[in-house]
Amino acid sequence: MRIFGELSQLIFPVRCFGCNRLGLSICSQCRSDWQPQYFLSHFANLRVHSAVLYSPTASKIILAAKENGLKEADKLIIEAIQGVLAQANFANRTIELIPIPSSPSARRRRGRSFMVDITAQIAQRSGFRLTDVLELTRRVSDQSGLHAKARAANMEGAFALKPHAYPRGDLVLIDDVVTTGATLREAARALTSQGLNVLASVTACLAQPLR
Ligand SMILES: [Zn+2]
């Protein structure tokens with residue numbers, strides 16, 4: 001198998017998914033750019049706990065996981081979110097993790113609902129419950145090119161609680177990146193409008209919005 005591994009390296013050279021450099025699937029420079037820390041931000045009345053400040057490297061790591069399904073990139077995101085969950089002081093609460101769902105077209109393209117799959121792996125490792133109860137009710141645009149106001153309008157009323165879904169504990173929303181909080185606030189609205197308690201949100205990355 002080792003010979004095969006070395007042979008496949010010759011045929012399919014490995015590149016860093018952060019900077020595209022030849023060698024390892026993530027080089028030491030990119031690995032050190034992705035240092036999980038702990039940030040707490042407030043978006044209206046929603047508390048968001050995050051691990052990594054968004055950077056060009058962080059965006060490539062997220063893309064490698066999301067669009068290319070690279071397991072090692074998944075792992076960085078999972079560990080970042082787990083670290084934040086451990087530091088956010090949710091002890092003595094019955095936490096249920098609620099992933100932000102992907103659109104049906106993204107799900108088809110990627111072969112999985114990205115945050116649902118990531119959150120399932122976090123739940124398995126951390127013992128917190130995963131409750132996949134949110135669904136998109138309509139088409140939304142990609143948020144990345146939008147300013148704060150357009151993001152809020154894009155997401156308004158876009159999420160709903162799935163039929164026959166009854167989450168019971170303190171709900172913690174899980175997403176990859178928070179920028180203006182538009183997606184998370186809409187998800188929280190969909191849940192609290194049904195009388196549910198959204199305790200907080202946890203994201204891998206915290207990004208600066210466009211000006
Ligand atoms: Zn690199």
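Reading guide: rules and limits
Residues numbered from 1 in each chain as written. Predicted model: local features only at pLDDT ≥ 70, side-chain atom pairs only at ≥ 80, totals over all residues. Heavy atoms only, no water. Axes fitted to C-alpha atoms, helices over the stretch in contact; angles between N-to-C directions. Helix = DSSP H or I, 4+ residues; strand = E, 2+ residues; numbered from the N terminus. Parallel < 35°, antiparallel > 145°, perpendicular 65-115°, else oblique. Left-handed = near helix turned anticlockwise from the far one by under 90°. Contact = heavy atoms within 4.5 Å. UniProt positions renumbered as here; feature names shortened; annotations may be inferred. Salt bridge = Lys/Arg side-chain N within 4 Å of Asp/Glu carboxyl O. Buried < 20%, exposed > 50% of the residue type's maximum accessible area, 1.4 Å probe, protein only. Pairing = 2+ DSSP bridges. Core = buried A, V, L, I, M, F, W, Y, C linked by side-chain atoms within 4.5 Å. Domains from an automatic or database assignment.

Colleague: Just to check I follow, could you spell out the packing of helix α4 (residues 71-87) against helix α6 (residues 114-126) for this structure?
Modeller: Axes are the key here: two packed helices are described by the angle between their axes and the distance separating the axes. Running from N to C, α4 and α6 point in directions that differ by 55°, and their axes come no closer than 10 Å. By the criterion of interaxial angle, the relationship of α4 to α6 is oblique. Both α4 and α6 take part in a crossing whose hand is right-handed. Where α4 approaches α6, its residues Asp 74, Lys 75, Ile 77, Ile 78, Glu 79, Ile 81, Gln 82 and Leu 85 are matched on the opposing element by Phe 114, Met 115, Asp 117, Ile 118, Gln 121, Ile 122, Arg 125 and Ser 126.

Colleague: Sorry, what's going on with the UniProt feature "domain: Phosphoribosyltransferase" (unreviewed entry) in the chain here?
Modeller: Per the UniProt record, "domain: Phosphoribosyltransferase" (unreviewed entry) is annotated on residues 129-205. The straight-line gap between the two end C-alpha atoms of residues 129-205 is 22 Å; of that span, 25% is helix and 32% is strand.

Colleague: Please explain the pattern of salt bridges as it appears in this structure.
Modeller: Pairing is possible between side chains of opposite charge, provided their charged atoms come close. On inspection of all chains with the given rule, the structure shows nine salt bridges. Glu 67 is paired through a salt bridge with Arg 109; the nearest N and O atoms lie 3.3 Å apart. Of the two residues, Glu 67 sits in the loop between α3 (56-66) and α4 while Arg 109 sits in helix α5 (residues 104-110), which places them 42 residues apart along the sequence. The exposure class of Glu 67 is partly exposed, given its relative accessible area of 33%. The partner of Asp 117 in a salt bridge is Arg 112, with the nearest N and O atoms 2.6 Å apart. Accessibility expressed as a relative area gives 13% for Arg 112, which makes it buried.

Colleague: Could you clarify how one ought to interpret the pairing of strand β1 (residues 39-43) in this entry?
Modeller: Each regular strand shows side chains that alternate between the opposite faces of the sheet. Along β1, the buried face is formed by Phe 39, Ser 41 and Phe 43; none of Leu 40 and His 42, which line the opposite face, is buried. As paired elements, β1 and strand β2 (residues 46-53) share five bridges and run antiparallel to each other. Bridge pairing in β2 places His 42 opposite Arg 47. Linkage of β1 to β2, two consecutive antiparallel strands, is achieved through a turn of two residues, within which Ala 44 is found at a positive phi near 55°.

Colleague: Whenever I open this one, the side chain of Glu 96 confuses me. Can you help?
Modeller: Tracing the sequence through the fold places Glu 96 in strand β3 (residues 95-99). With near-sequence residues (within four places) excluded, Glu 96 lies in contact with Arg 129, Thr 131, Pro 167, Arg 168, Gly 169, Asp 170, Leu 171 and Val 172.

Colleague: Looking at this structure, how should I read the nonpolar core?
Modeller: Here is a general trend for soluble globular proteins: nonpolar side chains tend to be buried in one another's company. Residues Trp 34, Ile 77, Ile 81, Phe 90 and Val 172 are the most contacted members of the largest nonpolar core, which totals 38 residues. With eight residues, α4 is the largest single contributor of residues to this core. Viewed by domain, this core spans two of them, domain 1 (1-33) and domain 2 (34-206), each represented by three or more residues. Dropping the residues within four chain positions of it, Ile 81 is found in contact with Met 115, Ile 118, Ile 122, Ile 174, Asp 175, Val 202, Thr 203 and Ala 204. If you look at the next biggest cluster of nonpolar residues, it comprises 25 residues, including Leu 46, Val 133, Leu 134 and Leu 161.

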